[in-house]
Amino acid sequence: MRWACGARRFARTELSKILATRGWDQIDGLWTQVGCYTANSMQIEAGKKPADLKPCAGEGANGGRVQMLPIGTEIEGANATYAPMGAPRISYASPPYSGGLALKLAVAKLQGKTIPKLTILPLPIVTSDTIKACKEGTWAEMKDGCNAFPPSLVPNPGWFASIYSAETPEIGFSAALVGQPEN
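Residues numbered from 1 in each chain as written. Predicted model: local features only at pLDDT ≥ 70, side-chain atom pairs only at ≥ 80, totals over all residues. Heavy atoms only, no water.

Trainee: What is the right way to read helix 2 (residues 36-45) from this model?
Mentor: Two residues of an α-helix separated by three or four positions point the same way, owing to the 3.6 residues in each turn. Counting buried residues in helix 2 gives 8 out of 10 residues, a clear majority hidden from the surface. Listed in full, the buried residues belonging to helix 2 are Cys36, Tyr37, Thr38, Ala39, Asn40, Ser41, Met42 and Gln43. (Buried < 20%, exposed > 50% of the residue type's maximum accessible area, 1.4 Å probe, protein only. Helix = DSSP H or I, 4+ residues; strand = E, 2+ residues; numbered from the N terminus.)

Structure follows, in C-alpha cells:
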C-alpha cells in the first residue's frame, strides 16, 4: 500500500490513524506533501532500524534531507531523529526562490531590460544519491551541490531547504534564514 499525508502538522495524526489499523510492515512506502521526516521519526520510535525505513517521496524540509544523509555522516548538531539515517527518499518541492526570481525579473523589466516572456523554473529534486551536506550554506557551496544544512545552523527540522537557484545568487543561506542577502 502507498499512503499520502497532508500538511506537516497533521502528518503524525494522520499516520497514527493509518497505523491504528495497519503496521509499518504493511506499508510499502509513502508519498507525502510533507511528513517524511515525521514518518521516519515515528518508525524509529516504533523500534525500526534506519536500514528498515520505508521509502518516502516529497517534502523539501531540512530534517528529511538530513535523514537522507548516509549513516555516519558527520554533521554538526545532529541528534535523535534529526540525524543522518540513510533514509531512502526523494525530496521534491516547490522552491521558495521563485518569488525572488519573479521580483528580480520585474525589476529588470522596470529598468527597461528585455526579459523572456516565459520563464521555466525547474523544481529541485534531491535523491538519496544526490544528497550532500552543507557546512556553512554559502551560495558557492550550494552551487557545488550541497542541499542539506547542519542542525546546528537550522534547529527547526521543518525549515524548507530548497533554496538554491543559479538564477538567484543573491539568495543564499543567510537570505533564506534571516533575510540578509548573500552579497
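Resuming the write-up.
Trainee: Can you walk me through the layout of surface pockets in this structure?
Mentor: Rolled over the atoms, a probe with the dimensions of a water molecule shows which regions are left empty. Reported here for the largest pocket is a volume of approximately 380 Å³. Residue assignment for the lining of the largest pocket shows that the elements contributing at least two residues are helix 4 (97-110) and strand 5 (125-127). Here the lining of the largest pocket gets 3 residues from one element, more than from any other, and that element is helix 4. Of the residues in the lining of the largest pocket, the class split is 17 nonpolar, 6 polar and 2 charged. By volume, the second largest pocket amounts to about 160 Å³. If you go around the second largest pocket, you meet 14 residues; those closest to its centre are Gln33, Glu59, Gly60, Tyr92 and Ala93. (1 Å grid on protein atoms, 1.4 Å probe; cavity = no way out; pocket = protein on both sides within 12 Å on 5 of 7 lines; lining within 4 Å. Points joined across faces, edges and corners; volume = space filled by probe spheres on them. Nonpolar A, V, L, I, M, F, W, Y, C, P; charged D, E, K, R; others polar.)

Trainee: What is the right way to look at the pairing of strand 2 (residues 29-32) in this model?
Mentor: Two faces, one strand: in a regular strand the side chains alternate between the faces of the sheet. Bridge count between strand 2 and strand 3 (residues 56-57): 2 bridges; the pairing is parallel. By the bridge assignment, leucine 30 is partnered in strand 3 with cysteine 56. A crossover links strand 2 with its parallel partner strand 3, the connecting element being helix 2, and its sense is right-handed. (Pairing = 2+ DSSP bridges. Right-handed = clockwise from strand over helix to strand, strands pointing away.)

Trainee: Hey, could you run me through the nonpolar core in this one?
Mentor: Nonpolar side chains tend to gather and get buried jointly when the protein is soluble and globular. Of all hydrophobic cores here, the largest spans 19 residues; its most connected members are Ile131, Met142, Phe149, Val154, Trp159, Ile163 and Phe173. Contributions of two or more residues to this core are made by helix 3 (62-68) and helix 5 (139-143). Counting residues in hydrophobic clusters, the runner-up holds 9 residues, among them Trp24, Leu30, Cys36 and Cys56. (Core = buried A, V, L, I, M, F, W, Y, C linked by side-chain atoms within 4.5 Å.)

Trainee: Just checking my understanding: could you explain the side chain of asparagine 147 for this structure?
Mentor: Along the chain, asparagine 147 turns up in the loop between helix 5 and helix 6 (173-178). From its side chain, asparagine 147 meets the backbone oxygen of glycine 145 in a polar contact 3.4 Å long. Ignoring any residue separated from it by four or fewer positions in sequence, one finds asparagine 147 in contact with Arg65, Val126, Thr130, Ile131, Lys132, Cys134 and Ala161. (Polar contact = N/O pair within 3.5 Å; in protein donor to acceptor, adjacent residues only side chain to side chain. Contact = heavy atoms within 4.5 Å.)

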